[in-house]
Structure formats: C-alpha cells, structure tokens
Amino acid sequence: MDGIRQHFGIHDDALALRSKRNNILASNIANAATPHFKARDVDFEATLAKAMPDGPLATTHARHVSRGSNLNADRLQYRDPVNSSLDGNTVELAVEQMQFSENVVRYQTSLTFLNRKVSGLLSAIKGE
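Description of the structure in this document.

The next point concerns the overall build of the protein chain. The helix and strand inventory of the protein chain stands at 4 helices and 2 strands. Counting only residues that meet the buried cut, the protein chain has 23% of its 128 residues in that class. Of all intrachain contacts in the protein chain linking residues separated by at least 6 positions in sequence, the fraction that spans at least 24 positions is 73%. If you sum the accessible surface of the protein chain, you get close to 9,000 Å²; carbon and sulfur atoms cover 57% of it.

Structure follows, in structure tokens:
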C-alpha cells in the first residue's frame, strides 16, 4: 500500500484539504449577513507544505535561513477584511466567492489528475 500512496504523492492530501477549504468558504458565504461573524480560511500552501515528506532544509552557512515549521498551518485563521462592516461581520462576499470559485477549479484539477493516475494503474494491472 505504501507504493500506491507514493504513486499518488501529495495529491490525495491536496484533494482532502481543498474539500475542507470548500466547506469553510461555503460557510463564510452562508454567513455573509450574520452580525459579528468572522470570515475564516486555512493557509493552503502552509498546510500542504507541512504534509510534504521532504524533511528539514539543510543549511550550510550561518547566514542561511532555515525553513521553520508553521505550527498553526492547519488551523483556521481569520481573514482580515479590506472594507470593514458596521455590524462586525468580516465576510466580503466578492472575495469569498472568488476564493470559492478558484478553490473549486483547483479541486477539479486535483481530482482529474488523481483519476488519470488511477486509470494508469488500472491499465498497468490489466496489462494494456
């Protein structure tokens, strides 16, 4: 099973994270009119980087910057609004809709990529 996991690489983790992010962004959009609701999101790049198996970055000189780990990478973070709302709600509908649309496209891309990987494995198993 480890061989299959390695074949898929990080793409299965990316798909799961994109699905989680879709739910969070949909919640933000649904609560756009809720007073004092704070828009949330996850840092996709930091969370995915945390899941990657590439180990610590080697530094060869005292002035090199080591890659630190972000301990809050997979936690929900609050989004800072560009335009403040009088009722304390930080959801900006246009921003949330744009983020949601972009995330859906990336989710579909990851799903298509994984489907092609599975098709390739099935072809190899069948001997085609």
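Next comes the rest of the description.
This paragraph deals with unusual backbone geometry. With phi around 65°, His36 is a residue other than glycine that occupies positive phi space. The topology assignment puts His36 in the loop between helix H2 (11-30) and strand E1 (40-41).

For soluble globular proteins, nonpolar side chains are generally found buried alongside one another. With 6 residues, the main nonpolar core is built from Ala14, Leu17, Ile24, Val42, Phe44 and Leu48. Looking at this core, the elements that each hand over two or more residues are H2 and helix H3 (44-51). Per element, the largest residue contribution to this core is 3 residues, and it comes from H2. Excluding residues that lie within four positions of it along the chain, Ala14 makes contacts with Phe44 and Leu48.

Looking at the secondary structure, you find Asp41 in strand E1. Of the polar contacts made by the side chain of Asp41, one reaches the side chain of Arg79; its length is 3.0 Å. Those residues in contact with Asp41 that lie beyond four places of it in its chain are Arg21, Ile24, Leu25, Arg75, Leu76, Gln77, Arg79 and Gln99.

Turning our eyes to something else, we now look at the packing of H2 against helix H4 (residues 93-126). At their nearest, the axes of H2 and H4 sit 9 Å apart, and the two run at 155° to each other. Judged on the interaxial angle alone, H4 and H2 are roughly antiparallel. As for how H2 packs across H4, the hand of that crossing is left-handed.

Further remarks concern H2. One turn of an α-helix holds 3.6 residues; hence residues three or four places apart share an orientation. Its 20 residues give H2 an end-to-end C-alpha distance of 28 Å, which sits within 8% of 28 Å, the value for a rise of 1.5 Å per residue. Considered for burial, the residues of H2 that qualify are Ala14, Leu15, Leu17, Arg18, Arg21, Asn22, Ile24, Leu25 and Asn28.

Overall, the coordinates contain 4 salt bridges when judged by the stated rule. In this structure, Asp41 engages Arg79 in a salt bridge whose closest nitrogen and oxygen atoms are separated by 3.0 Å. Placement of Asp41 in strand E1 and of Arg79 in the loop between strand E2 (77-78) and H4 is noted, with a sequence separation of 38 residues between them. The residues Asp41 and Arg79 share a single accessibility class, namely buried.

Here we take up a nonpolar patch on the surface. Together, Val118, Leu122 and Ile125 make up an exposed nonpolar region whose accessible area comes to about 290 Å². Among the secondary structure elements, Ile125 is positioned in helix H4.

Further remarks concern the environment of Asp13. With respect to the element layout, Asp13 can be found in helix H2. Residue Asp13 is classed as partly exposed on the basis of its relative accessible area of 26%.

Here we come to H4. Under the 1.5 Å per step criterion, the end-to-end length of H4 is 49 Å for 34 residues, consistent within 8% with the ideal 50 Å. Of all the positions in H4, only Glu96, Gln99, Asn103, Ser110 and Leu114 are classed as buried.

About the thresholds
Residues numbered from 1 in each chain as written. Predicted model: local features only at pLDDT ≥ 70, side-chain atom pairs only at ≥ 80, totals over all residues. Heavy atoms only, no water. Helix = DSSP H or I, 4+ residues; strand = E, 2+ residues; numbered from the N terminus. Buried < 20%, exposed > 50% of the residue type's maximum accessible area, 1.4 Å probe, protein only. Contact = heavy atoms within 4.5 Å. Areas by Shrake-Rupley, 256 points an atom, 1.4 Å probe, with all protein chains shown as cover. Core = buried A, V, L, I, M, F, W, Y, C linked by side-chain atoms within 4.5 Å. Polar contact = N/O pair within 3.5 Å; in protein donor to acceptor, adjacent residues only side chain to side chain. Axes fitted to C-alpha atoms, helices over the stretch in contact; angles between N-to-C directions. Parallel < 35°, antiparallel > 145°, perpendicular 65-115°, else oblique. Left-handed = near helix turned anticlockwise from the far one by under 90°. Expected span 1.5 Å × (residues − 1). Salt bridge = Lys/Arg side-chain N within 4 Å of Asp/Glu carboxyl O. Patch = residues over 30% accessible without salt bridge, like charges linked within 9 Å, V, L, I, M, F, W, Y side chains within 5 Å.

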